[in-house]
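In case you want the letters, here they are:
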Amino acid sequence: MLEKLRKTFWTSYLIVINQIIDWFKAKSNKIEEKNNAGKFIQSSLSPKILKGIELERIMPYIKRIHDGVKNPDVTNIALMGSYGSGKSTIIKNFEILYPNYKVLNLSLGSYSKQELEKQNTNVNGIDNIGNVGNVGNVDDLNEKLENSLVKQMIYREKNSKLPYSRFKKINHISNRKKILLYVFFLSSLISFFYLKDYLNLKKIVLSNFEGIAINTESIDLILYGILIVSISFLLFQIFQTILKQFKLSKLNFANVSIEEDKNNFSYFNKYIDEILYYFETNKFDVVVIEDVDRFKSIRVFEHLKELNLLLNNSKQISREITFIYAVKEDIFSNSKEDIEEHESEIRTKFFELIIPIIPVVDTFNSREYLIPMMKEKSVGELDENFEN
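All values derive from a computational prediction rather than experimental measurement.

**As for the overall build of the protein**
Then, in step 1: Across its full length, the protein holds 15 helices and seven strands.
Then, in step 2: Here the protein holds 388 residues, and 31% of them are scored as buried.
Then, in step 3: Counted over contacts in the protein with a minimum sequence separation of 6, partners at least 24 positions apart contribute 75%.
Then, in step 4: Carbon and sulfur atoms provide 58% of the accessible area of the protein, an area that totals close to 26500 Å².

Right under this line is the structure:
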């Protein structure tokens, strides 16, 4: 018996000691991480929050974006520049400098160019209906892109923020809500049993509690109120769950059938009410769309332009929403689709304001930026020949 107690004690002792050691190690790692914060040898390629001289260099672009967002006649702004010119950094710093604007960031980086090239190759193999196939192929890709944009909007929000969305997500019920539902259900059950004297509950309570027996009418009134409130709350939860989980797709009256149309051409057309509901619930003023140009398709811009017009003309939203597109300058000249208009005409058709971005770093001045950066990040000293 003593041997067992001794083994149990030493086992528990070792477990406690190991936990203490792990705790000290974790604290030590946190302190080390805090001391080394910002000391990274390799620079990140993500958009940066700039300060000082670097911020002053991009301030003209930020001010032009701000002027465009303020202008009620401008709802589509294009930031045009090559990859790596700093478009994302400019947008990020605009968000920091003007926090009064609520910005929604959307990106289409989840698809690859290889997918478009593969589809084009497959379609070009059909000689007889090549043109028709190309149209269908581009339409299919456009629907995927639009699908991605809609999902990014819907799935970034909590279920409670968009309770009537048709995009169903896994709904996690918190322990607090479970307890609340249980309390309301139990309260309604006890109140009902007491008022109807089921299982002689009322008689048992009155015979054992003199205070309740004296104030029977008041207790009954209170329990009626608890019963009504509890049942109302539970019915509301049930009704809300039904609205969230089910939707009406078909009605039958004798020989007449009413069914929803599932042959919508565009994903935006199919879910336009969903998008309107999203912007009505979330008060975004600016929508930033990046990487939409890498697929070289103009039709997506047509749908986005139409969507912007619908949002700004919608009475249920009743505010101005500006779209900002971060695109390459040759998006329309390199389009895969047949275009009759001149490139300049198409630009003015889609955008009310175009801001060309000139890269800060190019092949001529890259040395001026590279050497100070290497000195800052390098562990040892740079070779003099390299610096000169």
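On we go.
**Comments concerning the nonpolar core**
Then, in step 1: Residues Phe-279, Ile-289 and Leu-311 are the most contacted members of the largest nonpolar core, which totals 37 residues.
Then, in step 2: Elements represented by at least two residues in this core include exactly strand E1 (76-80), strand E2 (103-107), helix H5 (130-155), helix H11 (272-281), strand E5 (286-290), helix H12 (299-313), strand E6 (322-327) and helix H13 (343-350).
Then, in step 3: Sequence-distant contacts of Leu-311, defined by excluding residues within four places in its chain, comprise Ile-275, Leu-276, Phe-279, Ile-317, Arg-319, Ile-321 and Phe-323.
Then, in step 4: Among the nonpolar cores identified, the runner-up in size contains 24 residues, and Tyr-98, Leu-353, Ile-355 and Ile-357 belong to it.

**Structural notes on the side chain of Thr-89**
Then, in step 1: Turning to its location among the elements, Thr-89 is positioned in helix H3 (residues 87-97).
Then, in step 2: Here Thr-89 falls in the buried class, since its relative accessible area comes to 17%.
Then, in step 3: With residues up to four places along the chain from it excluded, the contact list for Thr-89 reads Pro-47, Lys-48 and Leu-50.

**What to know about the sheet that holds E6**
Then, in step 1: Taking strand neighbours across the sheet as the criterion, the five strands line up as E2-E5-E6-E1-E7 in an open arrangement whose pairing is parallel. Across the chains shown, the open sheet's two edge strands, defined by having one partner strand only, are E2 and strand E7 (353-356). Across the sheet, the mean angle separating the axes of adjacent strands is 20° when strand polarity is ignored.
Then, in step 2: One ladder, built from five bridges, connects E5 with E6; its direction is parallel. Each residue of the ladder has a partner; that of Val-287, found in E6, is Phe-323.
Then, in step 3: The sheet strands contacting H12 are E1, E5 and E6, and the helix crosses E6 at an angle near 160°.

**Quick look at the packing of aromatic side chains**
Then, in step 1: If you walk through the whole model with that rule in mind, you get twelve aromatic pairs.
Then, in step 2: On the numbers, 6.4 Å between centres and 55° between planes, the contact of Phe-350 with Phe-351 is tilted.
Then, in step 3: Among the residues examined, Phe-350 registers a relative accessible area of 4% and is labelled buried.
Then, in step 4: Taking the relative accessible area as the measure of exposure, Phe-351 reaches 4% and is therefore buried.
Then, in step 5: What links up through ring pairs into an aromatic cluster is the set Phe-301, Phe-323, Tyr-325, Phe-350 and Phe-351.
Then, in step 6: Over the face of the ring belonging to Phe-284 we find Lys-102, whose NZ or CZ atom lies 4.9 Å from the ring centre.

**Some words on the packing of helix H2 (residues 52-70) against H3**
Then, in step 1: Between H2 and H3, whose axes approach to 9 Å, the crossing angle comes to 70°. If you check the angle between H2 and H3, you find them roughly perpendicular. Facing H2, whose interface residues are Leu-55, Ile-58, Met-59, Tyr-61, Ile-62, Ile-65, His-66 and Val-69, H3 presents Ile-90, Asn-93, Phe-94 and Leu-97.
Then, in step 2: Split into classes, the residues belonging to the contact of H2 with H3 amount to ten nonpolar, two polar and no charged.

**Considerations on the pairing of E6**
Then, in step 1: Most of E6 is tucked away: six of the six residues are buried.
Then, in step 2: Of the strand pairs in this sheet, E1 and E6 are connected by five bridges, and their pairing is parallel. Residue pairing across strands places Asn-76 opposite Phe-323, the latter belonging to E6.

**Observations concerning the pattern of salt bridges**
Then, in step 1: On inspection of all chains with the given rule, the structure shows three salt bridges.
Then, in step 2: As a salt-bridge pair, Glu-157 and Arg-156 come within 3.7 Å of each other at their nearest N and O atoms.
Then, in step 3: Note on Glu-157: relative accessible area 15%, which makes it buried.
Then, in step 4: When its relative accessible area of 42% is taken as the criterion, Arg-156 is described as partly exposed.

**Overview of the packing of helix H6 (residues 175-195) against helix H7 (residues 201-208)**
Then, in step 1: The interhelical angle for the contact between H6 and H7, taken along N-to-C directions, is 85°, at an axis separation of 6 Å. Classified by the angle between their axes, H6 and H7 sit roughly perpendicular to one another. Between H6 and H7, the residues in contact are Ile-190, Phe-193 and Tyr-194 and Leu-201, Lys-202, Val-205 and Leu-206, respectively.
Then, in step 2: Across the contact of H6 with H7, the residue classes break down as six nonpolar, no polar and one charged.

**Considering the environment of Ile-62**
Then, in step 1: Tracing the backbone through its elements, the reader meets Ile-62 in helix H2.
Then, in step 2: Relative accessible area serves as the criterion here: at 0%, Ile-62 is assigned to the buried category.
Then, in step 3: Between the C-alpha atoms of Ile-62 and Phe-94, which are 32 residues apart in sequence, the distance is 5.7 Å.
Then, in step 4: Non-local contacts of Ile-62, meaning those with residues more than four positions away in its chain, are made with Leu-55, Ile-90, Asn-93, Phe-94, Leu-97 and Tyr-98.

What counts and how
Residues numbered from 1 in each chain as written. Predicted model: local features only at pLDDT ≥ 70, side-chain atom pairs only at ≥ 80, totals over all residues. Heavy atoms only, no water. Helix = DSSP H or I, 4+ residues; strand = E, 2+ residues; numbered from the N terminus. Buried < 20%, exposed > 50% of the residue type's maximum accessible area, 1.4 Å probe, protein only. Contact = heavy atoms within 4.5 Å. Areas by Shrake-Rupley, 256 points an atom, 1.4 Å probe, with all protein chains shown as cover. Core = buried A, V, L, I, M, F, W, Y, C linked by side-chain atoms within 4.5 Å. Pairing = 2+ DSSP bridges. Axes fitted to C-alpha atoms, helices over the stretch in contact; angles between N-to-C directions. Phe/Tyr/Trp six-rings, centres within 6.5 Å; stacked < 30°, edge-to-face > 60°. Lys NZ or Arg CZ within 6 Å of the ring centre and 35° of its normal. Parallel < 35°, antiparallel > 145°, perpendicular 65-115°, else oblique. Nonpolar A, V, L, I, M, F, W, Y, C, P; charged D, E, K, R; others polar. Salt bridge = Lys/Arg side-chain N within 4 Å of Asp/Glu carboxyl O.

That's the geometry; what it means functionally is another story.
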